[in-house]
Amino acid sequence: MTVPPAPIPDVLITEGPVPAEFTPWPPGLARAYRAAGYWRGEPFSAWLRALAGQFGSRTALVGNALGPGGQPGAWVTRTYAELDAAASGYAAALAARGLHAGDRVILHLPNSPDVFEVLLGLLRLGARPILALAAHRAAELTAFATQAQVRALITGGHPDAQRVARAVQAAWPDTLVLTVGDPEASLPLLAADAAAWTELPARTGVASDVALYQLSGGSTGTPKLIPRTHDDYLYSIRASGELCGLTPDTVFLAALPATHNFTLTSPGAFGTLHAGGTVVTAPGPAPDVCAALIERCGVTHVALVPSALLLWLRAPQFTPARPESTLRVVQVGGAPLAPDVARQVPERLGAALQQVFGMAEGLVNYVRSGSSDDVTYGTQGRPISPHDEILIVDDEDRPVPDGTPGHLLTRGPYTIRGYFRAPEHNARAFTPDGYYRTGDIVTRRPDGHLIVQGRHKDQINRGGEKIAAEEIEHALLGHPRVFQAALIGLPDPWLGERTCAVVQPRVDPDQHASQPLPDARALTLDLRRYLLERGFAPFKLPDRVEVLPTLPRTPFGKLDKPALRARYAPTPALSPAQDAPDLTDRSPA
Ligand code: OOB
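So, how was this worked out
Residues numbered from 1 in each chain as written. Predicted model: local features only at pLDDT ≥ 70, side-chain atom pairs only at ≥ 80, totals over all residues. Heavy atoms only, no water. UniProt positions renumbered as here; feature names shortened; annotations may be inferred. Helix = DSSP H or I, 4+ residues; strand = E, 2+ residues; numbered from the N terminus. Buried < 20%, exposed > 50% of the residue type's maximum accessible area, 1.4 Å probe, protein only. Near = heavy atom within 4 Å. Polar contact = N/O pair within 3.5 Å; in protein donor to acceptor, adjacent residues only side chain to side chain. Areas by Shrake-Rupley, 256 points an atom, 1.4 Å probe, with all protein chains shown as cover. Phe/Tyr/Trp six-rings, centres within 6.5 Å; stacked < 30°, edge-to-face > 60°. Lys NZ or Arg CZ within 6 Å of the ring centre and 35° of its normal. Expected span 1.5 Å × (residues − 1). Axes fitted to C-alpha atoms, helices over the stretch in contact; angles between N-to-C directions. Parallel < 35°, antiparallel > 145°, perpendicular 65-115°, else oblique. Contact = heavy atoms within 4.5 Å. Nonpolar A, V, L, I, M, F, W, Y, C, P; charged D, E, K, R; others polar. Pairing = 2+ DSSP bridges.

The name an unreviewed UniProt entry gives the protein chain is 2,3-dihydroxybenzoate-AMP ligase, with Deinococcus arenae as the organism. As recorded by UniProt, the Sequence similarities (unreviewed entry) comment attached to the protein chain reads in full: "Belongs to the ATP-dependent AMP-binding enzyme family."

Looking now at the environment of Ala 85. One can find Ala 85 in helix α3 (residues 80-96). A residue is classified by how much of its surface remains accessible, and Ala 85, at 12% relative accessible area, is buried. Distance from Ala 85 to Ala 52, taken between C-alpha atoms, is 9.1 Å for residues 33 residues apart in sequence.

Another point: the site of the ligand. As a matter of local geometry, the ligand sits amid 19 residues, with His 260, Val 356, Asp 440, Lys 457 and Lys 466 nearest to it. Residue Ala 335 places a main-chain N or O atom 3.4 Å away from a nitrogen atom belonging to the ligand. Relative to its unbound accessible surface of 600 Å², the ligand loses 95% to contact with the protein. Counting only elements with at least two residues in the shell around the ligand, the list comes to α9 (261-265) and β13 (352-359). At four residues, β13 tops the list of elements feeding residues into the shell around the ligand.

Under the definition given, this model contains 17 aromatic pairs. Pairing Phe 44 with Tyr 233 gives two aromatic rings, centres 6.4 Å apart and planes at 65°, and the pair type is edge-to-face. With Phe 44 in helix α2 (residues 44-55) and Tyr 233 in helix α8 (residues 230-243), this pair connects stretches of sequence that are 189 residues apart. Taken as a pair, Phe 44 and Tyr 233 share a single burial class, namely buried. The ring of Trp 75 carries Arg 296 above its face, with NZ or CZ at 3.6 Å from the centroid.

Put simply, Ser 266 and Pro 267 share a cis peptide bond, and its omega is -20°. Note that Pro 267 resides in the loop between α9 and α10 (268-275). The omega angle of the peptide bond from Thr 319 to Pro 320 is 0°, so this bond is cis rather than trans. Mapped onto the elements, Pro 320 comes out in the loop between α12 (306-314) and β12 (329-333). A positive phi is found at Asp 397, a non-glycine position, where the angle reads about 65°. The phi torsion at Arg 421 lies on the positive side, around 45°, for a residue other than glycine. Looking at where Arg 421 falls in the secondary structure, it is placed in the loop between β17 (406-411) and α16 (423-429). According to the relative accessible area criterion, Arg 421 is partly exposed, its value standing at 42%.

Okay, α3 next. With 17 residues, α3 should reach 24 Å at 1.5 Å per residue; the first-to-last C-alpha distance of 24 Å fits that figure. When you tally the buried positions in α3, you get 14 out of 17 residues, the bulk of the element.

Moving on, we come to the packing of α2 against helix α4 (residues 113-125). Packing of α2 against α4 brings their axes to within 8 Å, and their N-to-C directions diverge by 120°. Compared by their axis directions, α2 and α4 come out oblique. Mapping the contact onto sequence places Phe 44, Ser 45, Trp 47, Leu 48 and Arg 49 in α2 and Leu 120, Leu 123 and Arg 124 in α4. Grouping the amino acids of the contact of α2 with α4 by side-chain chemistry returns five nonpolar, one polar and two charged.

Remark: a regular strand shows side chains that alternate across the two faces of the sheet. The two faces of strand β9 (residues 251-254) match: Val 251 and Leu 253 on one face and Phe 252 and Ala 254 on the other face are all buried. Here β9 runs beside strand β10 (residues 278-281); their pairing, made up of four bridges, is parallel. Considered in β10, the bridge of Leu 253 is made with Val 280.

Here we come to the side chain of Arg 104. Mapped onto the secondary structure, Arg 104 falls in strand β3 (residues 104-108). Classification of Arg 104 as buried rests on a relative accessible area of 10%. Separated by 2.6 Å, the side chain of Arg 104 and the backbone oxygen of Ala 148 make a polar contact. Leaving out residues up to four positions away in the same chain, Arg 104 has contacts with Glu 21, Arg 128, Ile 130, Ala 148, Val 150, Arg 151, Ala 152, Tyr 213, Phe 420 and Arg 421.

See below:
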């Protein structure tokens, strides 16, 4: 199917006011961030056009394109000029299907060059992508669609992804489903006409307004959308790339989900593009696939979560380190990294370790290259910006001295002031003077480096994938055999944490109280299937289920999760070979 080129729609020219749909920074601070040169008034579309001007014939992207049925397609290489043209081609194709600047569109694609091309196409159009993870399923995408009243969902041709898309459409009928990667797909790149589309105005989007929505790992029932402006997001990208010393020789391997904040911008794929480097896409962080890509493409940088790093450290493809390897920097973040694991990186992978502690809401901390060993292996770095404000406070919001653990609060030039359309949640998640309550417990060293000590928010970090306990607990309450449920994280040698659902069963009123408790093993299968059928991402299904006649409560009547964690941890000794997580990407999009 070929799509006739659409006339250049007026709507692409969006210099005029767009209704602000986010909590703005106070005007005085906004002026200061502009005066400091952080916010440059440049939207993503103009940024990409400038990169194409500067690095035109250099290679921007390589990897397997998304093929028919969601399978890996042809190996493609795109120069900066071609990437710019592809973005315009997609912008035109989207406009031809009735999409406009300001429309919210869910982007749900597996790692491939296409993700970046379509994302930049949406940004060129001035539409606002919601950056779903490929692992998300109907429950998550439906929540995004209804909350944000989306106009479209862009997905791959895999039958599972198509089923998810239909479920979203059933729940939010305004969703136009557009499929990428198929010659017959509903959203083909207008390749033949792409050159013509470079004539589209490069400068679309208002820099001080929302560019896209990142997603919150969350701690409450519904996933929250994080509005990032062109100004603030591009500042974090530029500053991250410069701070990490990226150059046109950088070859970055996007092995974790491409649209996650870490992979995309810390400094990630966009930081690499900003420097004129090359982004290589991998389907996932599995060591065999990544080792082959590193060799084939001369990869210099990669970003990993600790669970993936553990697999790399054991993989015969990497250890002992090969002297001829091009890999220079392994960035690790997203979840706690044990110092003794951190120390193994240089010797066993032949590359430097860089710890990254960030969040989709904004603040990102890096260990700078050349730091002392105790900083490199024992801290999670310090903030990007001199204007990042850090407060570490006790339960009453009173600052604690350096070295004392406290709640991390932050505000600054790229940290949001509020989630999208969530006033009640915002009242809890932000202080009245605009600090974001990260939910992390940290200590600060006198030299400003932060050490993550733990977490206050009720969120489980399963190998970097975040699970809001409340979301799953609510869902479990709908199961006929569940009366009460608590989801807790238990320590795990591979993933950092695994999930355990502790269930108080519903007692059949016709039976008396001595009814036997249901079998936990059978209930595990049953509850996992139940959640899967309700469209939850597979990483959110409980790894383990325990049954108790009543759940413990604090004197105030709250679920006593510390008591539950003490009861069920530690997990039985795990045999690493048997229990190593499967990191091959099973995403269906
Ligand atoms: C990154 O972003 P999110 O939004 O998926 O998760 C943020 C949370 C943090 O609040 C913290 O609880 C945890 O993930 N986290 C870490 C960590 N990095 C993130 N916990 C311990 N050590 C670390 N190094 O995960 C993210 C975003 C940008 C860059 C890097 C990670």
